[in-house]
Amino acid sequence: MSNKQVRRPEPIDSERTALTARNVSFSWEGTPLHWVPGDPFASHTINVLHLLLPAGERWFVHVYKQVLPYIRDERLREDVIGFIGQEATHAQAHDEVLPHLRELGLDPTPYTAQVDWFFEKLLGDRTLPPGRSRRWWLMERVALIAAIEHYTAFLGDWVLNAPELDRRGADPVMLDLLRWHGAEEVEHRSVAFELFLHVDGGYRRRVRTWALAFSALVFLWQRGARFFMANDPTLIDGRASFRDFHDRGRRGLLPSTGALVRSIPRYLNRAYHPSQEASTAQAVAYLAASPAALAAERRREAL
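Residues numbered from 1 in each chain as written. Predicted model: local features only at pLDDT ≥ 70, side-chain atom pairs only at ≥ 80, totals over all residues. Heavy atoms only, no water.

Peer 1: Could you give an account of the overall build of the protein, naming the residues involved and the relevant values?
Peer 2: Tallying secondary structure elements over the protein gives 13 helices and zero strands in all. Walking the protein from its N terminus toward its C terminus, one meets helices and strands in the order α-α-α-α-α-α-α-α-α-α-α-α-α. Here the C-alpha radius of gyration of the protein, 19 Å, is about what a compact globule of 303 residues would show, namely 19 Å. Principal-axis analysis of the C-alpha atoms gives the protein an extent of 55 × 45 × 35 Å. The buried share of the protein, reckoned over its 303 residues, is 53%. Carbon and sulfur atoms make up 56% of the accessible area of the protein, which totals about 14,200 Å². Charged side chains of the protein number 38 positive and 37 negative; the gap between the two group centres comes to 8 Å. (Helix = DSSP H or I, 4+ residues; strand = E, 2+ residues; numbered from the N terminus. Rg over C-alpha atoms; globule rule 2.2 N^0.38 Å. Buried < 20%, exposed > 50% of the residue type's maximum accessible area, 1.4 Å probe, protein only. Areas by Shrake-Rupley, 256 points an atom, 1.4 Å probe, with all protein chains shown as cover. Lys, Arg positive; Asp, Glu negative; His and termini not counted. Charge placed at Lys NZ, Arg CZ, Asp CG, Glu CD.)

Take a look at the structure:
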């Protein structure tokens with residue numbers, strides 16, 4: 001596999017928008033543990049986001065603050081700073097769900113401790129592979145974030161287009177959190193990949209880090225779903241399986257297996273650019289109507 005630079009993928013300029021962090025807040029008092037009524041598995045599979053994202057997005061911010069000196073393009077620097085602000089807000093919003101889960105009898109601490117170790121230690125600054133420089137490790141993590149962001153945008157696009165959750169009566173506060181977050185993931189979906197192209201862009205690195213990111217996400221997600229199902233105080237012998245995931249995907253309650261598989265060759269295509277995926281217009285339209293985002297805007301205007 002050649003590592004030589006190829007022609008830079010062309011972004012779709014109309015899909016770019018200025019990024020701003022929206023200081024949202026959510027009230028969780030009325031949200032049940034099974035916020036997709038009658039479906040603990042669908043609820044808990046999506047609940048894994050609350051366990052993964054705070055540590056993961058704080059790690060994104062940490063890495064990107066280190067890479068800022070390598071950015072020579074002012075527009076990209078502006079986008080990266082906007083990305084940092086949005087990701088920090090996402091981490092805080094999902095962190096605030098965890099005390100509510102504890103109140104409902106499900107303590108996520110054993111799992112979040114493992115996730116913290118994964119991002120802070122395994123992917124931390126001091127975890128240098130033998131014989132590699134600090135710059136190499138920084139570039140490797142920039143590429144990892146680009147691969148992960150392919151899937152956060154995939155999930156954001158899915159949740160913005162998941163009417164079955166509404167039809168099933170999913171909790172509106174949880175839906176607003178997921179769709180606000182998903183809309184911002186779609187809104188900034190090109191930043192991580194553009195940064196990777198700017199500071200490195202090697203195709204071998206893109207493929208290698210995609211394989212690492214995809215494997216880690218699948219491992220952590222299934223482990224999180226099993227943790228939730230096994231520790232749900234309302235379930236007896238709660239379990240999670242790939243068959244459950246595939247079934248909920250066919251029903252529209254989770255992303256479909258087929259859509260997830262089809263996302264792989266798109267990222268690995270040499271002509272790939274994230275602006276070719278999803279719709280900024282749809283994301284911005286949701287953010288203009290999101291109850292939490294509207295409340296944040298009113299608070300900002302009142303200052």
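Now that the structure is up, let's keep going.
Peer 1: Lay out the side chain of Arg179 in plain terms, naming residues and giving numbers.
Peer 2: Summarising the element assignment, Arg179 is placed in helix H7 (residues 172–187). With a relative accessible area of 10%, Arg179 lands in the buried category. Excluding residues within four positions of it along the chain, Arg179 makes contact with Val159, Leu160, Ala162, Leu165, Asp166 and Tyr286. (Contact = heavy atoms within 4.5 Å.)

Peer 1: Explain the packing of helix H1 (residues 40–67) against helix H10 (residues 242–251) to me, and be specific about the residues and the numbers.
Peer 2: Between two packed helices, what matters for the description is the angle formed by their axes and the separation of those axes. Look at H1 against H10: their axes get within 10 Å of each other, and the N-to-C directions meet at 100°. Judged on the interaxial angle alone, H10 and H1 are roughly perpendicular. For the pair H1 and H10, contact is made by Phe41, Ala42 and Thr45 and by Asp244, Phe245 and Arg248, respectively. When its residues are assigned to classes, the contact of H1 with H10 shows three nonpolar, one polar and two charged. (Axes fitted to C-alpha atoms, helices over the stretch in contact; angles between N-to-C directions. Parallel < 35°, antiparallel > 145°, perpendicular 65-115°, else oblique. Nonpolar A, V, L, I, M, F, W, Y, C, P; charged D, E, K, R; others polar.)

Peer 1: Lay out the confidence of the model for the protein with the relevant residues and their values.
Peer 2: Of all residues in the protein, 95% have pLDDT values of 70 or greater, and the mean over the chain is 92. Confidence, expressed as mean pLDDT per element, reaches its minimum in the protein at helix H13 (residues 291–302) with 83 and its maximum at helix H6 (residues 163–167) with 98. Between residues 1–6, whose pLDDT stays under 50, and residues either more than four places distant or in other chains, the model counts 15 contacts. (pLDDT = per-residue confidence, 0-100.)

Peer 1: Now, about the pattern of salt bridges: what can you tell me, with residues and values included?
Peer 2: Under the definition given, this model contains 17 salt bridges. The closest approach of N and O atoms between Arg179 and Asp166, which form a salt bridge, is 2.8 Å. Of this pair, Arg179 sits in helix H7 while Asp166 sits in helix H6, and the two are 13 residues apart along the sequence. When the shortest N-O distance is used, the salt bridge between Asp247 and Arg250 registers 3.0 Å. Remark: Arg250 and Asp247 occur in helix H10; sequence separation between them is three residues, near one turn of the helix. (Salt bridge = Lys/Arg side-chain N within 4 Å of Asp/Glu carboxyl O.)

Peer 1: Provide a residue-level description of the packing of aromatic side chains, including the pertinent values.
Peer 2: With the rule as written, the count across this model stands at 17 aromatic pairs. Here the aromatic rings of Tyr151 and Phe214 are separated by 5.6 Å at their centres, their planes lie at 50°, and the arrangement is tilted. Of this pair, Tyr151 sits in helix H5 (residues 134–160) while Phe214 sits in helix H9 (residues 203–231), placing them 63 residues apart in sequence. Phe214 carries the same exposure label as Tyr151, and that label is buried. (Phe/Tyr/Trp six-rings, centres within 6.5 Å; stacked < 30°, edge-to-face > 60°.)

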